[in-house]
Amino acid sequence: MSRLIRVFEYEKLTIHSKCSEGKELGEKVINKLWEYNDKNNNIYFDGIRNGVKFKHYVGVIQIGNITIEILPKADKLKASEDDKKYWHDILLKMLAKCKKVKVDSVSEASLRKRYYSLLDLYFEMFIKEVDYLLEHGLIKKYRKNSGNLNALKGRLNFGKNIQNNLIHKERFYTIHQVYDYDHLLNQILYKALLVLKTITNNTSLTDSIVRTLGNFPEVKENSINKTHFESLVANRKSTIYDEAIKISKMILLNYSPDIKGGDENMLALLFDMNKLWEEYVYRILAKHQDDNLKVKFQNSDKFWERKLIKPDIVLNYSKPDGSQETFIIDTKWKVIDPNKPGDDDLKQMFAYNMYWNSSKSILLYPSSNPEKTEFGSFHKGRKGENKCKLGFIKVLSGKNLNPFLAEDILNLLEINN
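Structural notes, computed from the coordinates. (Residues numbered from 1 in each chain as written. Predicted model: local features only at pLDDT ≥ 70, side-chain atom pairs only at ≥ 80, totals over all residues. Heavy atoms only, no water.)

1. Quick word on the overall build of the chain
In step 1: Regarding its fold elements, the chain presents 12 helices and 21 strands.
In step 2: Taken over 417 residues, the chain has a buried fraction of 47%.
In step 3: Once local pairs closer than 6 in sequence are excluded, the contacts in the chain between residues at least 24 apart make up 63%.
In step 4: Element-wise, carbon and sulfur atoms account for 48% of the exposed surface of the chain, whose accessible area totals about 22,700 Å². (Helix = DSSP H or I, 4+ residues; strand = E, 2+ residues; numbered from the N terminus. Buried < 20%, exposed > 50% of the residue type's maximum accessible area, 1.4 Å probe, protein only. Contact = heavy atoms within 4.5 Å. Areas by Shrake-Rupley, 256 points an atom, 1.4 Å probe, with all protein chains shown as cover.)

Listed below in structure tokens is the structure:
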């Protein structure tokens, strides 16, 4: 039976934390989290006595029959279980907006399930994508094959033929081409299906995986790693595979089988909330581009030696009088005191203003109750205005994402678009 536990970023989880069924998390799960974090240079959380404290990574971790969801949060207020439910939905919508999850491929019935985890959503999406490929026909490719045949086919391998067929003159050891389904694209899908069958605790998904595997053609089971994905060459025929391969990559590169042969297999899909917030803001603003407003994402310029300087978002605005103005946005997913901006952040914004000849820049933070702030001036630097301010923006409107986020950001920058 699957057990679910939901926490917010920066919260603690210990062996005594309770899951959805009221049972304690236990020592095995915490040990597995420590082991996983050690392998990833301790970027995901901090080890504490009998547990872990999460950082700014959100997403889902499954260890055996335990599913842990780490959710974002835009304030420091104490949250209820209902708050966790709607932040689960908010995270899902942000991932969808950033093209990290294709929500429209998941059934409404699935989304309504109270304990349906993010991992289950990815699993269901993957199965639907593979079923779609099977229905429309998997790609076949030519590949080289060698073997002992009863008829001469392809090129004769003289060395192997003498070694194997000195007595059996009626056979031929050849190197020949085969046109079938056994190639890397299909091998990746097949391996991902086998991993899902191993790790899922959802009985309905297990049934779907078994059916899909039953319809899958015979291909070799290979160990798949990062180099296999890097070797894939996109073409017109393989475009139909894009979504399934993207999810396969997330599954296979984040899967940690239990090396002791136990039942504590682990799969983690975690997202840096700073990067997710940055991309979300960009995509929202990009929808408001027109002849007067252009939005650019992750510009870069040479800074020092081989180091680059990279603001998150650059806005180029054509004013009514025909003049041009550039604005810099640097997104920060954290809760801070509006009156105490970080020195390093301000120095960074000063550099952005100088490099992009920007008159105004903004450090953009999420807030459940935004405070009004004013631009402050840098005392040296470019001619004319050289300003920066901390901007606070509502992520939510009620229990949904703020539909006026772009307008609110443009108002903070005093752009009348």
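2. Remarks on a nonpolar patch on the surface
In step 1: On the surface, a cluster of nonpolar side chains totalling about 440 Å² of accessible area is made up of F303, W304, M354 and Y355.
In step 2: Where the nonpolar patch is concerned, the elements lending two or more residues are β13 (301-304) and α11 (343-355).
In step 3: One can find W304 in strand β13. (Patch = residues over 30% accessible without salt bridge, like charges linked within 9 Å, V, L, I, M, F, W, Y side chains within 5 Å. Salt bridge = Lys/Arg side-chain N within 4 Å of Asp/Glu carboxyl O.)

3. Some points on the nonpolar core
In step 1: Judged by nonpolar contacts, the single largest core of 83 residues is most densely connected at F126, L285 and L315.
In step 2: C19, V29, I61 and I66 belong to the second-largest nonpolar core, a separate cluster that totals 23 residues. (Core = buried A, V, L, I, M, F, W, Y, C linked by side-chain atoms within 4.5 Å.)

4. A word on the pairing of strand β5 (residues 57-63)
In step 1: Taken across its seven residues, β5 has seven buried, putting it largely inside the fold.
In step 2: Burial of β5 is two-sided: the residues Y57, G59, I61 and I63 facing one way and the residues V58, V60 and Q62 facing the other way are all buried.
In step 3: Sheet topology note: the β5/strand β11 (residues 266-272) ladder contains seven bridges and is antiparallel. Note on β11: the bridge partner recorded for G59 is L270.
In step 4: Pairing of β5 with strand β6 (residues 66-71) involves five bridges; the strand directions are antiparallel. When the bridges of β6 are listed, Q62 appears paired with T67. (Pairing = 2+ DSSP bridges.)

5. Digging into the environment of Q348
In step 1: Mapped onto the secondary structure, Q348 falls in helix α11.
In step 2: When the C-alpha atoms of Q348 and D330 are compared, they prove to be 9.3 Å apart, with 18 residues separating the residues in sequence.

6. Looking at the sheet that holds strand β10 (residues 255-256)
In step 1: Spatial strand order, β1-β6-β5-β11-β10: five strands in an open sheet with mixed pairing. The sheet terminates laterally at β1 (3-8) and β10, the two strands that pair on one side only.
In step 2: Inspection of the sheet shows β10 paired to β11 by two bridges, in the antiparallel sense. Within the sheet, the bridge partner assigned to S256 lies in β11 and is M266.

7. Regarding helix α10 (residues 273-286)
In step 1: The end-to-end C-alpha separation of α10 is 20 Å, in line with the 20 Å expected for 14 residues at 1.5 Å each.
In step 2: For α10, the set of buried residues is M273, L276, W277, E278, E279, Y280, V281, I284 and L285.
In step 3: Where α10 begins, one side-chain oxygen reaches toward the backbone nitrogen of N274, 2.9 Å away; that side chain belongs to D272. (Expected span 1.5 Å × (residues − 1). Polar contact = N/O pair within 3.5 Å; in protein donor to acceptor, adjacent residues only side chain to side chain.)

8. Details of the sheet that holds strand β19 (residues 387-394)
In step 1: Spatial strand order, β12-β15-β16-β17-β19-β18: six strands in an open sheet with mixed pairing. Every interior strand has two partners, whereas the edge strands, β12 (293-297) and β18 (376-377), have only one.
In step 2: Pairing between β18 and β19: two bridges, direction antiparallel. Residue pairing for β19: G376 is matched across the bridge by C388.
In step 3: Packed onto the sheet, α10 meets β12, β15 (313-318), β16 (324-331), β17 (360-367) and β19 and runs at close to 155° relative to β12.
In step 4: Contacts from α11 reach β16, β17 and β19, with the element oriented near 140° to β17. (Axes fitted to C-alpha atoms, helices over the stretch in contact; angles between N-to-C directions.)

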